[in-house]
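Notes for the structure review
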Amino acid sequence: MSSARIRRMLVTGAVGQIGSELTIALREQHGPQNVVAAGHRTAPSPALRDSGPFEFVDVTQKDDLEALAIKHEIQAIYHMAAILSAVGEARPHLCWDVNVNGLYNVLEIAREHNLRVFCPSSIAVFGPETPADNTPQETVLRPRTMYGITKVGGELLCDYYARRFDVDVRGVRYPGIISNVTPPGGGTTDYAVEIYYEAIRHRRYECFVREDTVLPMMYMPDCIKATIDLMEADAKRLKHRADYNVTAMSFSAGELAAEIKKHVPEFVVTYRPDPVRQAIADSWPQTIDDSVARAEWGWQPSYDLAAMTSDMIAELGKRHAEGNL
Ligand code: AKB
């Protein structure tokens, strides 16, 4: 299916951190009526609800999901619904059900109705045996978390559907995503978002990973760009499917705090590592080699730590001053 023919799309997990901003960006590009947002139970924000069609659906219920795709004449699914790493450790069965069975349903619907699919993977596919510095595209995938296991399985399932059934499925391994519209829910990298909100709200933050914890990260505008650019890339150039390494920056929690302090000098950060999330963070890479994504579809991030921090502080500061934070 060529990108020119994709006019109507569905975003699952549209109430979540990435889904909410991705939906708005796609509506701006393709027209509000052509982008259907779908959430599970959480009510959509007024911005999401009022800017185009919204539906409730449980991705583990194939018939409901398929009915929605047929009703709206969907041609592509951005499948953002997922349980993230920290919640996945607290609720491993739910994590398997949503992340594996939900994806299986999406791929089956794509196979039956000839849809294109975006399926996000994550740096959680890597584990302690993976090289932690400049982690290559092709490397050891032996995660220790249920979330990571579902993401490795998801990548392999996507490859299988592409090879066996010719489903046009694409995806990237997201690093931690930092944003100021919808808070993330239940991830290990959530501290890198919370820290900005608390810097503005209370001038204090207790960080749940050690000061020297380094992880790969990306600002939301780059995340949206990576997602849409890959979906619109010329299929002939793509040698991979749903497993492209992408990154924008890497920093320690301490370096992040120091960058924020340049804008909020009185900001105080203390560190009280949470054993579960610290162990997850310690099993993930520190820096990522994303040269394959750069070569095959022109991936290029725009924001580094300084540019992202200026933007985050300006945006959150404005909302705080207006009484909206
Ligand atoms: C998480 O921390 O679980 C996510 C991810 C890196 O996939 N943000």
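Before any of the text, the structure's been laid out above.
Here's a quick rundown of the structure. (Residues numbered from 1 in each chain as written. Predicted model: local features only at pLDDT ≥ 70, side-chain atom pairs only at ≥ 80, totals over all residues. Heavy atoms only, no water.)

**Quick word on the layout of surface pockets**
Taken as a whole, the largest pocket holds about 1200 Å³ of empty space. Lining of the largest pocket is provided by 48 residues; of these, Met80, Ala81, Ala82, Ile83 and Leu84 occupy positions nearest its centre. Put simply, the parts of the chain that give the lining of the largest pocket at least two residues each are helix 1 (17-30), strand 2 (35-39), helix 4 (85-90), helix 5 (92-113), strand 6 (121-122), helix 6 (146-165) and strand 9 (176-178). When the residues that make up the lining of the largest pocket are grouped by side-chain class, the tally is 24 nonpolar, 18 polar and 6 charged. Residues from two domains meet in the lining of the largest pocket; each of domain 1 (3-175) and domain 2 (177-217 + 248-321) gives at least three. (1 Å grid on protein atoms, 1.4 Å probe; cavity = no way out; pocket = protein on both sides within 12 Å on 5 of 7 lines; lining within 4 Å. Points joined across faces, edges and corners; volume = space filled by probe spheres on them. Helix = DSSP H or I, 4+ residues; strand = E, 2+ residues; numbered from the N terminus. Nonpolar A, V, L, I, M, F, W, Y, C, P; charged D, E, K, R; others polar. Domains from an automatic or database assignment.)

**Quick look at the site of the ligand**
Taken together, the residues surrounding the ligand are Leu84, Ser85, Ser122, Ile123, Tyr147, Gly187, Thr188, Thr189 and Trp284. Ser122 places a side-chain nitrogen or oxygen 2.7 Å from an oxygen atom of the ligand. Contact between the ligand and Thr188: an oxygen atom at 2.7 Å from a main-chain N or O atom of the residue. According to the grid-proximity analysis, the pocket containing the ligand is the largest pocket. The residue inventory of the shell around the ligand, partitioned by class, reads 4 nonpolar, 5 polar and no charged. Here the shell around the ligand spans two domains, and each of domain 1 (3-175) and domain 2 (177-217 + 248-321) adds at least three residues to it. (Near = heavy atom within 4 Å. Polar contact = N/O pair within 3.5 Å; in protein donor to acceptor, adjacent residues only side chain to side chain. Sits in = over half its atoms within 2 Å of the grid points.)

**Some points on the environment of Ala81**
Tracing the chain through its elements places Ala81 in the loop between strand 4 (76-79) and helix 4. Separated by 70 residues in the primary sequence, Ala81 and Val11 have C-alpha atoms spaced 8.4 Å apart. Sequence-distant contacts of Ala81, defined by excluding residues within four places in its chain, comprise Thr12, Gly13 and Val59. (Contact = heavy atoms within 4.5 Å.)

**As for the sheet that holds strand 6**
What holds strands together in a sheet is hydrogen bonding between their backbones, with the strands either parallel or antiparallel. Spatially, the 3 strands line up as an open sheet ordered 6-8-12, and their pairing is parallel. Edge strands, defined here as strands with exactly one partner in the open sheet, are strand 6 and strand 12 (244-245). Examined bridge by bridge, strand 8 (residues 172-174) and strand 12 share 2 bridges and lie parallel to one another. Residue pairing across strands places Arg173 opposite Asn245, the latter belonging to strand 12. (Pairing = 2+ DSSP bridges.)

**Here's the deal with empty space enclosed by the protein**
Counted according to the given criterion, the structure contains 1 cavity of 30 Å³ or more. As a volume, the largest cavity reaches approximately 70 Å³. If you trace the largest cavity, you find it lined by His79, Ala81, Ala82, Asn99, Leu103, Cys119, Pro120, Ser121, Thr150, Lys151, Gly154 and Glu155. Of all the secondary structure elements, the ones that give two or more residues to the lining of the largest cavity are helix 5 and helix 6. Tallied by class, the residues present in the lining of the largest cavity amount to 5 nonpolar, 5 polar and 2 charged.

That's the geometry; what it means functionally is another story.
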